Amino acid sequence: MPDNKKKAALEKPSLHVRNKHTGRYDLKALKQINPELNPFVAKNKYGNLSIDFFNPVAVKALNKALLMAHYNIKYWDIPDGFLCPPIPGRADYIHHIADVLAESNNGLLVKGEHITCLDVGVGANCVYPIIGNSSYGWSFIASDIDPKAIEAAEKNVANNPNLFGKVEFRLQTKPDHIFSGIINSEQKIDFTICNPPFHANQAEAEAGTLRKLSNLKKKRVKKPDLNFAGQGGELWTDGGEKRFVLNMINESAQYSKNCAWFSTLVSKQSNLRAFYDRLEKVGVVEHKTTPMGHGNKLSRIIAWTFLSTAEMKSWANERWLSE
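Below is a summary of the structure that appears in this document.

The rules behind these values
Residues numbered from 1 in each chain as written. Predicted model: local features only at pLDDT ≥ 70, side-chain atom pairs only at ≥ 80, totals over all residues. Heavy atoms only, no water. Buried < 20%, exposed > 50% of the residue type's maximum accessible area, 1.4 Å probe, protein only. Helix = DSSP H or I, 4+ residues; strand = E, 2+ residues; numbered from the N terminus. Pairing = 2+ DSSP bridges. Axes fitted to C-alpha atoms, helices over the stretch in contact; angles between N-to-C directions. Parallel < 35°, antiparallel > 145°, perpendicular 65-115°, else oblique. Left-handed = near helix turned anticlockwise from the far one by under 90°. Contact = heavy atoms within 4.5 Å. Nonpolar A, V, L, I, M, F, W, Y, C, P; charged D, E, K, R; others polar.

With respect to the pairing of strand β6 (residues 189–194)
Working step 1: The buried count for β6 comes to six of six residues, which makes it a mostly enclosed element.
Working step 2: Here strand β3 (residues 116–120) pairs with β6 via four bridges, running parallel. Bridge assignment links Asp119 to a residue of β6, and that residue is Ile193.
Working step 3: Pairing analysis gives two bridges linking β6 to strand β7 (residues 259–266), with the strands arranged parallel. Residue pairing in the sheet places Phe191 in a bridge with Trp261 of β7.

Here it is in structure tokens:
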């Protein structure tokens, strides 16, 4: 393959082969599953059924319909102002991290409730535990710095019997820490996932929202609509994505034998070199980067492990026995 085609393949990946959301949404079926979606479905200028993706109420209704249709959810809600994430992209992360585990398990997918994932920053939506449990049967530890987010996420779990006992919530009382205070010294966690706050402050977050809306609408948008874009802790942190992930890498070294694979989303490609340098500095055995893309959004997953080949094999034999 020519270099330019290789670059295009890396920079514009399609949804994962196991992702349930390839192709157009079947809005006719989805609005039957969730009648709350009905008022927002109409034909667009091309004559196809669609919704206004700039309407946060419509997006929330669509998300609920997708979760009900594909992930055995009977109830799902988030308080106003909290992050309402795109379901296909969240599902992609879950499937790609499943592949990372499989590569360390003789190519076999790792499934079952004995598998434990730590979701760093679960948010009010609780989407990663919902998708991960439905798709692979995994159990989750879900952490967050916001008590209101945890309360809302707990309600989503409490109202779905299939999630009973599958998600344990832990409040991070020290916002400067990520794993400290969440992972117990003797605890074994198979992998971690994280959708980190990308921006350094509110102004930067709002500027990013304006750029995104302007690109999608193909015209300049002057006023940011944060109704479904998230709370402060979901969107920005001191030092932005770069500082957050560097801190995560540093802390992961303290729990090098507690977890098989650590991972995080990375939005800004320009941060990768700093992350790779830090991973080498803390002594990881292996790290890998997986590109992801959905619509106009391009990102990537970085995953790393401190376990040697022999230690990973032992971990797999003890915890990842195939069903």
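Further notes follow.
As for the pairing of strand β9 (residues 297–305)
Working step 1: Buried residues dominate β9, accounting for seven of its nine residues.
Working step 2: In the sheet, β7 pairs with β9 via five bridges, with the strands oriented antiparallel. In the sheet register, Phe262 faces β9, and the bridge partner there is Trp304.

With respect to the packing of helix α9 (residues 240–252) against helix α10 (residues 272–282)
Working step 1: Look at α9 against α10: their axes get within 10 Å of each other, and the N-to-C directions meet at 15°. In terms of their interaxial angle, α9 and α10 are classed as roughly parallel. Where α9 crosses over α10, the two elements pack in a sense that is right-handed. Of α10, the residues touching α9 (which contributes Glu241, Lys242, Val245, Leu246, Ile249 and Asn250) are Ala274, Phe275, Arg278, Leu279 and Val282.
Working step 2: A class-by-class count of the residues in the contact of α9 with α10 yields seven nonpolar, one polar and three charged.

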